[in-house]
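Next come the chains, spelled out residue by residue.
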Amino acid sequence: MLETFTSATNSPDDDAPFRSRLSFDLDVDICVVGAGLAGLTVALEAARLGASVAVLEGRHVGWNASGHQLGTVMPGYSLPIGDLIERVGLDDARELWAMSKEGADYVRAAATEEAMPGIALTEGALEVSNVDVGEMLISRLQTLSEDFETEVEGWQIDRVRDQLGTAHYFHGVYYPRAFQIDGRKYIHGLAVLARRAGARIFEDTPVVSIDSSGIRKRIVTPSARLRASHIVLTGNVHLGTPLRRLSETLLPVWRYAAVTEPLGDRLGEILAFKGSVADSDGIDHFRIVDGDRLMWASPETTWDARPRRFGPVIQRRIATIFPQLGKVPIADVFGGAVGVTVHGMPQIGQLRKGLWVASGFGRQGLNTSAMAGQVIARSILWGEDRWKLFSPFELVWAGGVTGRVAGHLIGLWGRGHSAAAGALARYREGARVRERVREARLAEANRQAGTRPPRRPPGGPRPVRPQLPRSAEAQNGGGAVPGSQESEKIRNGSV
């Protein structure tokens, strides 16, 4: 699940005291390429375990998607749970799901136990459906609660609409243990913790080339050289020329989000739910921030674009879901690029001895990047092999320019299909309501007239004309029912 945004009040340069470029040669145990969520988690955990760590970032900490995400933390992956079971089997799917839960617990502990300032944690996440899928909901709840030991609640249509104040959605799955944090505060908090643990973070230090052969790997930057026993690639779609083959296994997707101006008490009167809300088709993701502002992520493209142009798009989307709010004023619009894998799972593991990858977190959530950081740090320093659970999800070429075009068209089709399916579901629901009202009015009219209501329900089978006994048919020569004597006279021409 992809999100975009963080705090409405902080600029990208706030809380970023890591403005040092690598200008001297350095030897370390582990070199992490990319200062995003996954890279900083690797650095923090490896430094805590006693390794010497250097983080190389071409721009600055959290400059891309890691610093522009909605901050929702919950278990799971982008790949639907049924597809995950089909791909790896129930036992391995359970193990992977448990790891995703560990990642969510890690984020909660890092944000709260370390007392990150301004983290603004709120509880609960709700996934809602655009169509009426009650039977599928029951099956999914059973799978999550019984097979995957996840705390979930099924919400009926009335409860969803009561909490959200809109008739746009039907059933929902509520995750009471999920939570939200200020994403920008969290990533800068991770950087502070990593540096305190002993990791060295170098910004404005792009990687020019990597030689991963031999025991000691070599990394060249514009102004220095670095040697390390292990290299961890966490740079997403921005790994650049030295690792173009790896970055081309990811489809770059830009997701845009907006935060409104303060809307006052009317927002709380309409939207009672204080957690995050995402629809099951991945179209919209929103929540209340700062008490009376609405933060909303919706449009996405496979091409880079100016975020401001999507302000009116998000504005119209909000009005579609919450017509009571009308045309809300937009305070700011943000965007970030993520890498989406072909198979829908993150890329976690060892490419060759000493060369590791933690990437492909587009539409995955904060929990997966935290889990990946833990897994790789412990694999390097403790020899754990849980990363092998991700081996079935190999590096698959994303199609280059053709893949981007296809991804864009598929995204447009998906959004259109979701909108059409939702509109049809709401029309059918309205038709059922109108039919019940009509039947109630007819019953009331029959009651007042003192007549009995028709026994046959609408659309039921028509009454069958009674058949003659076989003896009568025989007397009549097996033909039609005999008429009266008068009718016989008429047929015989007599009056």
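Everything numeric here is computed off the predicted structure, so don't read it as measured data. (Residues numbered from 1 in each chain as written. Predicted model: local features only at pLDDT ≥ 70, side-chain atom pairs only at ≥ 80, totals over all residues. Heavy atoms only, no water.)

I tried to follow the overall build of the protein on my own but got confused; where do I start?
Within the protein, the secondary structure is distributed over 13 helices and 17 strands. For the protein, the residues scored as buried account for 50% of the 495 residues in total. Partitioning the intrachain contacts of the protein with sequence separation of at least 6 by distance along the chain shows that 75% fall at a separation of at least 24. When the accessible surface of the protein is summed, it comes to about 24000 Å², and 52% of that surface belongs to carbon and sulfur atoms. (Helix = DSSP H or I, 4+ residues; strand = E, 2+ residues; numbered from the N terminus. Buried < 20%, exposed > 50% of the residue type's maximum accessible area, 1.4 Å probe, protein only. Contact = heavy atoms within 4.5 Å. Areas by Shrake-Rupley, 256 points an atom, 1.4 Å probe, with all protein chains shown as cover.)

Which parts of the structure should I look at to understand the pairing of strand 10 (residues 225–233)?
Two faces, one strand: in a regular strand the side chains alternate between the faces of the sheet. With seven bridges connecting them, strand 1 (residues 26–33) and strand 10 associate as parallel partners. Paired with Ile-30 across the strands is His-230, a residue of strand 10. Where strand 9 (residues 217–220) lies against strand 10, four bridges are found, and the strand directions are antiparallel. The partner of Lys-217 across the bridge, within strand 10, is Ala-228. Counted between consecutive antiparallel strands, the loop separating strand 9 from strand 10 contains four residues. (Pairing = 2+ DSSP bridges.)

What exactly am I supposed to notice about the nonpolar core here?
In summary, soluble globular proteins display a tendency toward joint burial of nonpolar side chains. With 70 residues, the main nonpolar core has Val-53, Leu-84, Leu-96 and Tyr-186 as its most contacted residues. The biggest single contributor to this core is helix 3 (residues 90–112), with nine residues. Membership of the second largest hydrophobic core comes to 26 residues, among which are Val-128, Leu-164, Tyr-169 and Leu-271. (Core = buried A, V, L, I, M, F, W, Y, C linked by side-chain atoms within 4.5 Å.)

Looking at this structure, I do not really get the confidence of the model for the protein. What am I missing?
Any segment with low pLDDT has predicted coordinates that should not be analysed in fine detail. On average, residues of the protein score 81 in pLDDT, and 78% of them are at 70 or above. Highest mean pLDDT in the protein belongs to strand 1 (97); lowest belongs to helix 13 (residues 485–491) (38). Here residues 397–415 scores under 50 on pLDDT; set against residues more than four positions off or in separate chains, the count is 23 contacts. (pLDDT = per-residue confidence, 0-100.)

Whenever I open this one, helix 10 (residues 366–382) confuses me. Can you help?
Residue pairs spaced three or four apart in an α-helix point in one direction, given the helix's 3.6 residues per turn. Taking 1.5 Å as the rise per residue, helix 10 with 17 residues should run 24 Å; its terminal C-alpha atoms sit 24 Å apart, in good agreement. The buried fraction of helix 10 amounts to 14 of the 17 residues, a majority that puts the element mostly inside the structure. At the exit of helix 10 stands Gly-383, carrying a positive phi of roughly 80°. (Expected span 1.5 Å × (residues − 1).)

What is the right way to read unusual backbone geometry from this model?
Trans peptide bonds make up most of the peptide bonds, and negative phi angles are found at most residues other than glycine. At Glu-149, a residue that is not glycine, the phi angle is positive and equals roughly 50°. Mapped onto the elements of the fold, Glu-149 is located in the loop between helix 4 (134–147) and strand 5 (153–155). For Asp-290, which is not glycine, the phi dihedral falls at a positive 55°. Summarising the element assignment, Asp-290 is placed in the loop between strand 13 (285–289) and strand 14 (293–301).

I would appreciate a short explanation of the packing of aromatic side chains in the present structure.
Aromatic rings in a pair are described by how distant their centres are and how their planes are angled relative to each other. Counting across every chain of the model gives eleven aromatic pairs. Ring centres 5.9 Å apart and planes at 85° place the aromatic pair Trp-155 and Phe-273 in the edge-to-face group. Here Trp-155, found in strand 5, pairs with Phe-273, found in the loop between helix 8 (265–270) and strand 12 (276–279); they are 118 residues apart in sequence, far enough to count as distant. Judged by relative accessible area, which is 3%, Trp-155 ranks as buried. Judged by its relative accessible area of 6%, Phe-273 falls in the buried class. For the cation-ring pair, Arg-161 lies above Phe-170, with the distance from its terminal atom to the ring centre recorded as 4.9 Å. Directly above the aromatic system of Phe-310 lies the positively charged group of Arg-309, at a separation of 5.4 Å from the ring centroid. (Phe/Tyr/Trp six-rings, centres within 6.5 Å; stacked < 30°, edge-to-face > 60°. Lys NZ or Arg CZ within 6 Å of the ring centre and 35° of its normal.)

Teacher, can you tell me more about helix 3 here?
Here helix 3 spans 33 Å end to end across 23 residues, near enough to the 33 Å set by a 1.5 Å rise per residue. Among all positions of helix 3, only Ala-93, Leu-96, Trp-97, Met-99, Ser-100, Gly-103, Ala-104, Tyr-106, Val-107, Arg-108, Ala-110 and Ala-111 are buried.

Looking at this model, I keep getting lost on the packing of helix 2 (residues 81–88) against helix 3. Mind explaining?
Between two packed helices, what matters for the description is the angle formed by their axes and the separation of those axes. It is at 7 Å that the axes of helix 2 and helix 3 come closest, and there the two elements cross at 125°. Considered as vectors, helix 2 and helix 3 are oriented oblique to each other. Of the two elements, helix 2 crosses helix 3, and the hand of that crossing is right-handed. Contact with helix 2, carried on its side by Ile-81, Leu-84, Ile-85 and Val-88, involves Leu-90, Asp-92, Ala-93, Leu-96 and Trp-97 of helix 3 and no other residues of that element. Residue classes in the contact of helix 2 with helix 3 are distributed as eight nonpolar, no polar and one charged. (Axes fitted to C-alpha atoms, helices over the stretch in contact; angles between N-to-C directions. Parallel < 35°, antiparallel > 145°, perpendicular 65-115°, else oblique. Left-handed = near helix turned anticlockwise from the far one by under 90°. Nonpolar A, V, L, I, M, F, W, Y, C, P; charged D, E, K, R; others polar.)

Would you explain the pattern of salt bridges in this entry?
Should the charged atoms of two oppositely charged side chains come close, the side chains can pair. Throughout the structure, instances matching the rule amount to 17 salt bridges. Across the pair Arg-363 and Glu-300 runs a salt bridge, and its minimum N-O distance is 2.4 Å. With Arg-363 in the loop between strand 17 (355–359) and helix 10 and Glu-300 in strand 14, the pair connects residues that are 63 residues apart, well separated along the chain. (Salt bridge = Lys/Arg side-chain N within 4 Å of Asp/Glu carboxyl O.)

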